[in-house]
Amino acid sequence: MKLELTATGKIKYCVFHAEAVPFRQDDYGGPAWQCRLGEELRTSTSPRFKEGWFKEAFFGVELRYRFQTEGDSLIIEAEAENQSSQTMPLDQLGLRIGLDCCMESYPQWDTVFAPTLLRCEKTYFWGFLSSPSGRRLGIYSPDPIASWHLDYNRFFADGGHRIMTFCLDFLQSGKLPDRHPQSRPLKPWETRRWRIEIAELAAEQAVPSWLAEKGVPVFAGERWSAECGSVLEFELLSRTEPTLLAEGRAVPCSLKKPGVYTVRLKSDQPRELRLTASNGKHQSEAWVQFIHPWRTIMEEAARQALSQPQKMGTHCESWYGLFTGAAAILHDLDFDRAAYLKKVRELVPLGFDVEQGCPTVHPGRIQNTACMIGLMADLGAALHSDEPLELGARLADWLIEHSQREDGAFCNGKGKHYTSVIYIAKSLLELVLEERRQPEALWQARAQRHFEAAKRAVDELALHRDNIETEGQATLEDGMLTCSVAQLTMLAKMLEPEARRPYIEAAECLVRKHRCLERTVVADSRCSGTTLRFWEAQYDVLTMGNMINSPHGWSAWKVYGMIDLYLLSGRRDYLIDAMNTLMSCVSLLDVENKTLNWAFVPDPHREVMSFVGDPENPGRGKFQARTIAEERVGMISGWYHAPENTAVFGYLGSWPDVTTDQGGCCDNDVHEIFKCVEEVILTRAYVHEEDGRWDAFHCTVENTAEGLTIRPREALVDQVHVQLTQPMNITVEFAGERVTARLQSGWIIRTGTWAE
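Only a predicted model underlies this, so the values are computations on that prediction, with no experimental measurement involved. (Residues numbered from 1 in each chain as written. Predicted model: local features only at pLDDT ≥ 70, side-chain atom pairs only at ≥ 80, totals over all residues. Heavy atoms only, no water.)

Trainee: Tell me about the overall build of the protein, and please be specific about residues and values.
Mentor: Scanning the protein for helices and strands turns up 14 helices and 39 strands. A compact globule built from 756 residues should have a C-alpha radius of gyration of about 27 Å, and the protein, at 27 Å, falls within 12% of that. In terms of overall dimensions, the protein has a C-alpha envelope of 85 × 70 × 50 Å along the principal axes. Looking at the protein residue by residue over its 756 residues, the buried ones come to 63%. Sequence separation of at least 24 residues holds for 64% of the intrachain contacts in the protein that already meet a minimum separation of 6. In the form shown here, the protein has an accessible surface area of approximately 28100 Å², with 47% of it arising from carbon and sulfur atoms. Positive and negative charge centroids in the protein, built from 82 and 105 side chains respectively, lie 4 Å apart. (Helix = DSSP H or I, 4+ residues; strand = E, 2+ residues; numbered from the N terminus. Rg over C-alpha atoms; globule rule 2.2 N^0.38 Å. Buried < 20%, exposed > 50% of the residue type's maximum accessible area, 1.4 Å probe, protein only. Contact = heavy atoms within 4.5 Å. Areas by Shrake-Rupley, 256 points an atom, 1.4 Å probe, with all protein chains shown as cover. Lys, Arg positive; Asp, Glu negative; His and termini not counted. Charge placed at Lys NZ, Arg CZ, Asp CG, Glu CD.)

Here is the structure:
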């Protein structure tokens, strides 16, 4: 490998295999020490090179680092020596690495490494960075590291959508997750040492196997969530026999082959379990969950849409729970239907002219109108009425006339490409599906017009892929990719098989690029498979400061495309990915305590100003200092209410179309998860067979000499998808009805028919 440094010890560039890995050359360059005592923060600028180390001193502590190379790995050795006779209780001591993580533009971002995962374990540290082109850098330290944080470009204003680099905090006072090593003050004349290894992984090398070579116990598996009654199976990689505990109770591990142990867990009751594995020197943690029945999840989510009230205004995120209520009506779930419909009748006219069919609040934010089109499609189906469809169709015509360019792209009021801000074309296609179900020629004509407009928009996505714009600040943005995939695959499913290939190829290209923004390796059911977002807190829950939100409502955007790619290709990995991600998303809902959280924040120590209720002004809020440390963050809509019959600004601030921001917040975007649940799994089940292995979701499967017997787990299931290696006789025992078929791939539905 090749390494070039500046005179002050900053990395200019590093070549591991062939291509250089970019490091920053500005104020975010590194390595650079960050040292804080009380309120005073000092950052290194010009360390001196002496005795083979780059050295400087803060608060009586000498800080030094040096570089070594071992094979194809870069080694950074760091030391902190208290050169005083006093104990030094540093509040933070970190080393900014300086690796460039800033994704600014197409195609620059293809060569940039995103901090895909950083994780402190009790006795060691690990993580990896990856680029859209598929390169990966593993990072490992055999020493306890208290915390880590990301350096963003801005915190409090619009923007702040870029990560500049990251910092390893060797010492960090204050609140940290239980798993993390807790900081101890530096004793007089004490020296602490840390070793950091960075290596580029070969294309065929899995992160868990690379990590296991270091001698630590590693949780390795595809899934960390399961339905009650099903088995969750994964592996523990360890050079020596590990000890595994689940909430303090021993769990058996079966030796599969040298260094690989198999673990099988099963629960008939919903629960979340914390697992700890140790093999002598090192300890690792994982989280698994067994979820509630899907009907139970949806019913509680629908109730939450009422107890965390929806509000109309400048942002559709404020009323996204209306989708969950529509789904509850469609499937006759247990919630207050009358209260929901009253809220719909109150809110819709506040933001839209029902007679003219156009938005009246913030019309340039076209995703608001698109989401209302989708909601009207859902309500039309739920209420068996074409009245909502009428408004949806008029809004669709307005959207096409006012925001679609000649090349097909939908643009916001300022002319910025917005097809994949939420999913403009998908909302139109949702309307099309309902319009096609109407028998009148008028509706068929409307369906064709709206379909052609949506197809032109998706054709433009297929052509330009990730070379498009997105909301806020230009970056390789999570939603820009996942919403494009969702729209490409939805259109592909609506076309004849021979016309699908260009859309599938474009979608799979974007999926590969998006992998750098997914938490796919971590063994943690609270966030496994979810997406890397980090700027939503200031808008959704009015908490000032960027932090990772994974899962967040927008994590569900990924699931639409994954399940559609599975149905289009039959590839098992897409099915597993979709289900794992969706189950992580629904972990935000605490059914027992009737609580819906806004997001899970995996950051281990994030000091923010949080918006909380003000006891002296009921219904109003105030800012209060808070430390968030790898935890779920609650919604604020339960106490921060908008005035009745009043459109409000979506968060703190003002807008010409509204008179107040009271109650304005966007935390109801969490309901994208439940909109996705209804579309993907609530009434569906999936059976996949491959290499003698069976995967079953929302059902059980029994393989006998006579064929397959599939039993849905819930009465709501009315369609089952099978993907088998050869045609088989299949019996599906729907609630109150048995359907038989001979099939290799396709849908079996309760009406007694099936579709390829």
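Trainee: Explain the sheet that holds strand E22 (residues 254–257) residue by residue, including any values.
Mentor: Taken in spatial order, the four strands of this open sheet run E17-E19-E23-E22, and their pairing is antiparallel. Of all strands in the sheet, those bounded by a partner on one side alone are strand E17 (218–220) and E22. Here the average twist between neighbouring strands, direction ignored, is 35°. (Pairing = 2+ DSSP bridges. Axes fitted to C-alpha atoms, helices over the stretch in contact; angles between N-to-C directions.)

Trainee: Could you give an account of the pairing of strand E15 (residues 163–172), with specific residues and numbers?
Mentor: Of all ten residues in E15, ten are buried; the element is thus mostly enclosed. Across five bridges, strand E10 (residues 92–96) lies against E15 in antiparallel orientation. Bridged to Gln92 within E15 is Gln172. Of the strand pairs in this sheet, strand E14 (residues 147–152) and E15 are connected by six bridges, and their pairing is antiparallel. Counterpart to Leu150 in the pairing with E15 is Phe166.

Trainee: How would you sum up the sheet that holds E10? Please name residues and give values.
Mentor: Overall, antiparallel pairing links the five strands, which are arranged E5-E4-E10-E15-E14 in an open sheet. The sheet is open, and its two borders are formed by strand E5 (40–43) and E14, each paired with just one other strand. The mean angle between the axes of side-by-side strands here comes to 25°, regardless of whether they run parallel or antiparallel.

Trainee: Hey, could you go over the packing of helix H5 (residues 366–383) against helix H6 (residues 387–403) for me, with residue numbers and the actual values?
Mentor: Following both chains from N to C, one finds H5 and H6 inclined at 155°, their axes separated by 8 Å at the closest point. Comparing their axes, H6 and H5 come out roughly antiparallel. Between H5 and H6 lies a crossing whose hand is left-handed. Counted together, Ile366, Thr369, Ala370, Met372, Ile373, Met376, Ala377, Leu379 and Gly380 of H5 and Pro388, Leu389, Leu391, Gly392, Leu395, Ala396, Trp398, Leu399 and Ser403 of H6 form the full contact between these two elements. Looking at the contact of H5 with H6, its residues break down into 14 nonpolar, four polar and no charged. (Parallel < 35°, antiparallel > 145°, perpendicular 65-115°, else oblique. Left-handed = near helix turned anticlockwise from the far one by under 90°. Nonpolar A, V, L, I, M, F, W, Y, C, P; charged D, E, K, R; others polar.)

Trainee: Break down the environment of Val354 for me, with residues and values.
Mentor: Relative to the assigned elements, Val354 resides in the loop between strand E26 (352–353) and strand E27 (358–359). In this structure Val354 comes out as partly exposed when scored by relative accessible area, which is 36%. In the structure, Val354 is positioned 41 residues away from Leu395 in sequence and 9.0 Å away in space, judged by C-alpha atoms. Look past the residues within four positions of Val354 in its chain and what remains in contact with it is Val348, Pro349, Leu391 and Arg394.

Trainee: An account of the pattern of salt bridges is requested, with residue identities and associated values reported.
Mentor: Enumeration according to the criterion identifies 65 salt bridges in this entry. In this structure, Glu222 and Arg572 form a salt bridge, with 2.7 Å as the shortest nitrogen-oxygen distance. Here Glu222, found in the loop between E17 and strand E18 (225–227), pairs with Arg572, found in helix H13 (residues 572–586); they are 350 residues apart in sequence, far enough to count as distant. A cluster of three or more residues bridged by salt bridges with shared partners is formed by Arg119, Glu121, Arg179, Arg274, Glu285, Asp524, Arg526 and Glu630. (Salt bridge = Lys/Arg side-chain N within 4 Å of Asp/Glu carboxyl O.)

Trainee: Describe the nonpolar core, naming the residues involved and giving the relevant values.
Mentor: Leu99, Phe166, Leu168, Trp294, Trp319, Tyr340 and Leu375 are the most contacted members of the largest nonpolar core, which totals 214 residues. Beyond its immediate chain neighbours, meaning those up to four positions away, Phe166 contacts Leu95, Arg96, Ile97, Gly98, Leu99, Cys101, Leu118, Leu129, Ile139, His149, Leu150 and Asp151. Core analysis: the next-biggest nonpolar cluster, separate from the first, contains 20 residues, Phe234, Leu265, Leu273 and Ala286 among them. (Core = buried A, V, L, I, M, F, W, Y, C linked by side-chain atoms within 4.5 Å.)

Trainee: Describe unusual backbone geometry, naming the residues involved and giving the relevant values.
Mentor: In this chain, Gly30 is followed by Pro31 through a cis amide linkage whose omega measures 5°. Here Pro31 lies in the loop between strand E3 (20–22) and strand E4 (32–37). Of note, the amide linkage connecting Ser550 to Pro551 takes the cis form, showing an omega dihedral of 5°. Mapped onto the elements, Pro551 comes out in the loop between helix H11 (537–540) and helix H12 (557–569). In the Ramachandran plot, His698 falls in the positive-phi region, its phi being about 65° despite a non-glycine side chain. With respect to the helices and strands, the residue His698 is situated in the loop between strand E34 (693–697) and strand E35 (699–704).

Trainee: For the side chain of Gln538, give the residues involved together with the corresponding values.
Mentor: Within the secondary structure layout, Gln538 lies in helix H11. Of the residues examined, Gln538 reaches a relative accessible area of 4% and is grouped as buried. Polar side-chain contacts of Gln538 include one of 3.5 Å to the backbone oxygen of Trp535. (Polar contact = N/O pair within 3.5 Å; in protein donor to acceptor, adjacent residues only side chain to side chain.)

Trainee: Describe the pairing of strand E20 (residues 243–246), and please don't skip the residues or the numbers.
Mentor: The side-chain alternation of E20 yields one buried face, formed by Leu244 and Ala246, and one unburied face, formed by Thr243 and Leu245. Note that E20 and strand E24 (residues 271–278) share four bridges and pair antiparallel. Looking at the pairing, Leu245 lines up with Thr276 of E24. Bridge analysis of E20 against strand E21 (residues 249–250) gives two bridges, and the strand direction is antiparallel. Each bridged residue has a counterpart across the sheet, and for Ala246 the counterpart in E21 is Arg249. Hairpin geometry of E20 and E21 is characterised by an intervening segment of two residues between the two adjacent antiparallel strands and by a positive phi of about 50° at Glu247.

All quantities given are derived from atomic positions and should not be read as evidence of function.
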